[in-house]
Amino acid sequence: MNTPDARGTDVPEIHDVPIGLHATGTRRETDSMGAVDVPADRYWGAQTQRSLTHFSIGDDHMPKEVYHAYGHVKMAAAIVNGRAGRLPAWKARLIERVADEVIAGELDDHFPLYVWQTGSGTQSNMNTNEVISNRAIQLVGGELGSKTPVHPNDHVNMGQSSNDTFPTAMHIAAVKAVHERLLPSVRALQQAITDKAELWRDVVKIGRTHLEDAVPLTVGQEWSGYARRLEQACERVVDSCAGLLELAMGGTAVGTGLNAPEGFAEQVAEEIARATGISFTTPRNKFAAQGGLDAMVGASAGLRALAVPLMKIANDIRWLASGPRCGLGELVLPSNEPGSSIMPGKVNPTQCEAMVMVCIQVLSEDQAIAFAGSQGNFELNAMRPVIINNFLHMTGILADACAKFREYCVEGAELDRKRIDEYVDRSLMLVTALSPVIGYDKASAIAHRANDEGTTLRAAALASGYVSGEEFDRIVDPTAMAGPAPV
């Protein structure tokens, strides 16, 4: 039963219809180019179907996070348009309701498009518009594909263009992925490494530079360096994502804001900020926001800056754990799975290897983002899908790799104290402590003699006559050489 609104227009009753279409076969949908048959059990329309036909390239689908972000875009626009009276209040509420389903991922099965599509993301924008339109029509008992009473362009896309909504959705999806998924995972890994650094703060070991023996430090000092690098990397990621807080909404086709009412950009940004709890705003210059994707390139560089220390840490750990008998063998890593199909009993540092591969992938995808970011022409960068696909893939695999690396490598790692102590006892670079006392040349001669004769450093020092046994024991103290624990 319909009831009139304030304008005297009949308002259809909104039914609580479960998501889903149980029809079989196809139904006829139309767009500006004519009629297209679409699957009857899907909410999308003609433009989505055309894209599926023309761009079924590979198996790379537009990340669902983009559509969830688009839900925020369409909801905010409906709220602002409804509040201003450009949309009847009931239509605005209907669009808001469906947009909320999009945000929650309840309509994910109806977003099938591939990454490799129009570079502006127009087809993903229209996919969103069509799904919201048809789902809204279903809720009021209308005919799917009729575009009545909710039109995908006139109502869902009111005051918008793909050219400003897609980069807006990109920024929302990217910021949420970084802050809600990636950073918590990295910080948990950083804390696990910090815990190990504290546990091992007094264990003296031999340092290595240029892959050669160096002076002592503690295992805690070494691992504190890992923890601090991850802490700094998180700070860089946060800083690099600051530009993503500016949303292109309101610029419409080329940045002039044609067909977007005055104040629309600011109001939509405020609504998105309110809904997400993230301080999104509108940029001072929409031409910059739409003609380039520099903020995405900068944010990608932040992910690259995280991958670099992660790769270093993973490589250090796998080398320190090499062995168990013929490698460095200072670390003992958890035995998670058999390491060989032919060598019984072999266990490999698989979490380290996975992390290194993830970091290689991230560095490669960052290069693709930088290249794509340089390809903007005139008023539009038309390489958007590949950029957001790479960025979200980077954040996802980094977050997952950090979680697995923490759980199945770092938390269960142990020290081989006997091996560590043996390395300290055999090290020649302890001679560095003698250098200020007897001079560099004499200290060097002692080290070479010990190495050539296969004796201990202490024996070579006493044989040289440069120091007594008492002096050697007092001066060459590995614990004192390691210095204070990091603060």
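None of the values given here were measured: they were computed from a predicted structure.

The rules we used
Residues numbered from 1 in each chain as written. Predicted model: local features only at pLDDT ≥ 70, side-chain atom pairs only at ≥ 80, totals over all residues. Heavy atoms only, no water. Phe/Tyr/Trp six-rings, centres within 6.5 Å; stacked < 30°, edge-to-face > 60°. Helix = DSSP H or I, 4+ residues; strand = E, 2+ residues; numbered from the N terminus. Buried < 20%, exposed > 50% of the residue type's maximum accessible area, 1.4 Å probe, protein only. Expected span 1.5 Å × (residues − 1). Salt bridge = Lys/Arg side-chain N within 4 Å of Asp/Glu carboxyl O. 1 Å grid on protein atoms, 1.4 Å probe; cavity = no way out; pocket = protein on both sides within 12 Å on 5 of 7 lines; lining within 4 Å. Points joined across faces, edges and corners; volume = space filled by probe spheres on them. Nonpolar A, V, L, I, M, F, W, Y, C, P; charged D, E, K, R; others polar. Core = buried A, V, L, I, M, F, W, Y, C linked by side-chain atoms within 4.5 Å. Contact = heavy atoms within 4.5 Å. Arc of directions from axis to C-beta. Pairing = 2+ DSSP bridges. Lys, Arg positive; Asp, Glu negative; His and termini not counted. Polar contact = N/O pair within 3.5 Å; in protein donor to acceptor, adjacent residues only side chain to side chain.

## Section: the packing of aromatic side chains
Step number 1: By the definition in use, this model includes four aromatic pairs.
Step number 2: Centroid distance Trp-200 to Trp-223: 5.1 Å. Interplanar angle 90°. Geometry classified as edge-to-face. Here Trp-223 lies in helix α7 (residues 219–240) and Trp-200 lies in the loop between α6 (162–199) and β5 (204–209), a separation of 23 residues in the sequence. For the pair formed by Trp-200 and Trp-223, the shared burial category is buried.
Step number 3: Seen from their ring centres, Trp-223 and Tyr-226 are 5.6 Å apart, and the 55° between their planes marks the pair as tilted. With Trp-223 and Tyr-226 both in helix α7, this residue pair falls three residues apart, about one helical turn. This pair shows no difference in class: Trp-223 is buried, exactly as Tyr-226 is.
Step number 4: The structure contains a cluster of three or more aromatic residues connected by ring pairs, namely Trp-200, Trp-223 and Tyr-226.

## Notes on helix α2 (residues 64–83)
Step number 1: The terminal C-alpha atoms of α2 lie 29 Å apart, and with 20 residues this matches the ideal 28 Å at 1.5 Å per residue to within 8%.
Step number 2: Across the 20 residues of α2, 16 count as buried, placing the element largely inside the fold.
Step number 3: One or two steps after α2, the chain reaches Gly-85, where phi turns positive at roughly 85°.

## Some details on the pattern of salt bridges
Step number 1: Taken as a whole and assessed by the stated rule, the structure comprises 21 salt bridges.
Step number 2: Across the salt bridge formed by Arg-201 and Glu-198, the nearest N and O atoms sit 3.0 Å from each other.
Step number 3: Residue Glu-198 is classed as partly exposed on the basis of its relative accessible area, which comes to 48%.
Step number 4: Residue Glu-453 is joined to Arg-449 by a salt bridge in which the shortest nitrogen-to-oxygen separation is 3.3 Å.

## Examining the layout of surface pockets
Step number 1: Each pocket or cavity is described by its volume, and for the largest pocket that value is around 510 Å³.
Step number 2: For the largest pocket, the lining is made up of 20 residues, of which Ala-321, Ser-322, Gly-323, Pro-324 and Val-347 are closest to its centre.
Step number 3: Taken together, the elements giving at least two residues each to the lining of the largest pocket come down to α10 (294–320) and β7 (331–332).
Step number 4: Its residues assigned to classes, the lining of the largest pocket comprises nine nonpolar, six polar and five charged.
Step number 5: Looking at the second largest pocket, its volume works out to about 410 Å³.
Step number 6: What lines the second largest pocket is a set of 18 residues, among which Arg-208, Leu-211, Glu-222, Asp-316 and Leu-320 lie closest to the centre.
Step number 7: Broken down by secondary-structure element, the contributors of at least two residues to the lining of the second largest pocket are β5, β6 (212–218), α7 and α10.
Step number 8: Per-element tally for the lining of the second largest pocket: the top contributor is β5, with five residues.
Step number 9: Across the lining of the second largest pocket, the residue classes tally to nine nonpolar, three polar and six charged.

## Describing the nonpolar core
Step number 1: With 115 residues, the main nonpolar core has Trp-223 and Phe-405 as its most contacted residues.
Step number 2: Once you skip the residues sitting within four places of it in the chain, Phe-405 turns out to touch Leu-189, Ile-313, Ala-314, Ile-317, Gln-351, Cys-352, Met-355 and Val-410.
Step number 3: Ranked by size, the runner-up nonpolar core spans 19 residues in total, among them Ile-206, Val-431, Ala-447 and Val-476.

## Observations concerning empty space enclosed by the protein
Step number 1: With the rule as written, the count across this model stands at one cavity of 30 Å³ or more.
Step number 2: If you go around the largest cavity, the residues you meet are Leu-333, Pro-334, Asn-336, Glu-337, Asn-348, Pro-349, Thr-350, Gln-351, Cys-352, Tyr-408 and Cys-409.
Step number 3: Counting residues per element, the ones that place at least two in the lining of the largest cavity are α11 (350–373) and α12 (384–410).
Step number 4: In terms of residue count, α11 provides more of the lining of the largest cavity than any other element does, three residues in total.
Step number 5: Per-class residue counts for the lining of the largest cavity are six nonpolar, four polar and one charged.

## Here we look at helix α15 (residues 440–453)
Step number 1: Relative to the 20 Å expected for 14 residues at 1.5 Å per residue, α15 spans 20 Å between its end C-alpha atoms, a close match to the ideal helical length.
Step number 2: What α15 keeps buried is the set Ala-443, Ile-446, Ala-447 and Ala-450. Buried residues along α15 cover an arc of 95° about the axis, so they all sit on one side. In α15, the exposed residues that point more than 90 degrees away from the buried face are Asp-441, His-448 and Asp-452.
Step number 3: Summarising the contacts, the buried residues of α15 are in contact with α14 (435–438) and α16 (457–464).

## Overview of the pairing of β6
Step number 1: In this structure, β5 lies alongside β6, joined through five bridges in antiparallel fashion. Note that in β6 the partner of Arg-208 across the bridge is Asp-213.
Step number 2: Joining the antiparallel neighbours β5 and β6 is a turn of two residues, in which His-210 adopts a positive phi near 55°.

## As for the side chain of Arg-384
Step number 1: As for its placement among the helices and strands, Arg-384 is situated in helix α12.
Step number 2: Salt bridges are absent for the buried Arg-384, whose nearest opposite-charge side chain, Asp-164, sits at 7.4 Å.
Step number 3: A distance of 3.1 Å separates the side chain of Arg-384 from the backbone oxygen of Asn-163, its partner in a polar contact.
Step number 4: Of note is the side chain of Arg-384, whose polar atom sits 3.2 Å from the backbone oxygen of Asn-381.
Step number 5: If we ignore the near neighbours within four places in the chain, the residues touching Arg-384 are Gly-119, Ser-120, Ser-162, Asn-163, Phe-166, Pro-167, Met-170, Gln-290 and Leu-293.

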